[in-house]
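Here is what each chain is made of, one letter per residue.
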Amino acid sequence: MVLVRHGESEWNKENRFTGWYDVQLSEKGIAEAKEGGRLLKEAGFTFDKAYTSVLRRAIKTCWLVLEEMDLMWIPVEKAWQLNERHYGALQGLDKNETVAKHGKDQVHIWRRSYDIPPPPLEKNNPHYPGNDVRYGQLLQRETPVTESLKTTLDRVVPFWEKVIKPDVTAGKGLLIAAHGNSLRALVKKLDNIPDSDITELNIPTGTPLVYELDSEFKPIKHKESIGPLSGRYLGNQEAIKARILGVKNQTK
Ligand SMILES: O=C(O)[C@H](O)COP(=O)(O)O
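Quick caveat: nothing in here was measured; it's all calculated off a predicted structure.

Caption draft 1: The arrangement of the UniProt feature "active site" (unreviewed entry) in the chain in detail. Sites flagged by UniProt as "active site" (unreviewed entry) map to H6 and E84. In three dimensions, the annotated residues from a span of 79 residues occupy one location, with a maximal C-alpha spread of 10.3 Å. Structurally, H6 can be placed in the loop between strand 1 (2-5) and helix 1 (10-13). A distance of 3.3 Å separates a polar atom in the side chain of H6 from a polar atom in the side chain of R57.

Caption draft 2: Seen up close, the sheet that holds strand 4 (residues 174-178). Pairing is mixed across the open sheet formed by 6 strands, whose spatial order is 3-2-4-1-5-6. Here the strands that pair on one side only, and so sit at the sheet edges, are strand 3 (76-78) and strand 6 (232-233). As paired strands, strand 5 (residues 209-210) and strand 6 are joined by 2 bridges and run antiparallel to one another. Residue L209 lies in a different strand from strand 6, and its bridge partner there is Y233. Against the sheet, helix 6 (residues 149-169) makes contact with strand 2 (49-52), strand 3 and strand 4, and its axis sits at roughly 165 degrees relative to strand 2, the strand it touches most. The sheet contacts of helix 7 (residues 180-191) involve strand 1, strand 4 and strand 5, and relative to strand 1 the element is tilted by about 150 degrees.

Caption draft 3: The arrangement of the pattern of salt bridges in detail. Throughout the structure, instances matching the rule amount to 18 salt bridges. In this structure, K13 engages E10 in a salt bridge whose closest nitrogen and oxygen atoms are separated by 3.4 Å. Taken together, the positions of K13 and E10, both in helix 1 and 3 residues apart, correspond to about one turn of that helix. Owing to a relative accessible area of 26%, E10 belongs among the partly exposed residues under this scheme. Salt-bridge contacts for R38 lead to E35; the nearest nitrogen and oxygen are separated by 2.9 Å. Within this pair, R38 and its partner E35 are both found in helix 2 (residues 27-42), separated by 3 residues, close to a single helical turn. When its relative accessible area of 35% is taken as the criterion, R38 is described as partly exposed. Judged by relative accessible area, which is 33%, E35 ranks as partly exposed. Taken together, the shared-partner salt bridges connect D22, R56, D132 and R134 into one network.

Caption draft 4: Structural context of the pairing of strand 1. Burial along strand 1 is two-sided: the residues V2 and V4 and L3 and R5 are all buried. As paired elements, strand 1 and strand 4 share 4 bridges and run parallel to each other. Bridged to R5 within strand 4 is A178. Looking at chain direction, strand 1 and strand 5 are connected through 2 bridges and run antiparallel.

Reading guide: rules and limits
- Residues numbered from 1 in each chain as written.
- Predicted model: local features only at pLDDT ≥ 70, side-chain atom pairs only at ≥ 80, totals over all residues.
- Heavy atoms only, no water.
- UniProt positions renumbered as here; feature names shortened; annotations may be inferred.
- Helix = DSSP H or I, 4+ residues; strand = E, 2+ residues; numbered from the N terminus.
- Polar contact = N/O pair within 3.5 Å; in protein donor to acceptor, adjacent residues only side chain to side chain.
- Pairing = 2+ DSSP bridges.
- Contact = heavy atoms within 4.5 Å.
- Axes fitted to C-alpha atoms, helices over the stretch in contact; angles between N-to-C directions.
- Salt bridge = Lys/Arg side-chain N within 4 Å of Asp/Glu carboxyl O.
- Buried < 20%, exposed > 50% of the residue type's maximum accessible area, 1.4 Å probe, protein only.

Structure (structure tokens):
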């Protein structure tokens, strides 16, 4: 099973909180996604099915990876449950301006604490997901106006248990193209990462993260894994560490 965070988006480039806002990949993000596909192909990977969110930066990343691998024909399932964590009223704001206004510690709490959500989006905001046709199947109480990592897990984990896990059991090779925080939620579950340690985990854009699972869905630790993850990132390990640090330093 391979997880990949979408390539750099236009708002990653501008250093703005994005969440459920549906931004496009930047030129660099397109190149990162293609490079991810090339690395996977070169390492001999193939997939039977792909999962992605309903946001175009992840969908496009999924397409580009599959195109590089000549696998565009495989089934792709899109699910809102794999969306980025909803960033509430922070969506659209510049990350460093938010630090200047609220302080570094408060912004770190909003970005990385396990269970403290950012301030909620007003329901009359044009970006309230309840006004978006793609979320039409969600009940009002299920439609987020903000999410912590904990409440992101509340939708990612049931999706993993009910939908993805049966495919793993069936022996399918899976690609999951999603987002920084929905993937943090998934690996927290897979690697059983404590609430206190997940605050330090940052996932770089466009970099395939390979997980091998045993018969009980427990990840088998790879010798090149970067703690607390058991999976390994494909590519130049030093460059990957620099990219991880880059995500952390978005709110210096
Ligand atoms: O939604 C966003 O802004 C990013 O995709 C993830 O942001 P973060 O690293 O600040 O949580």
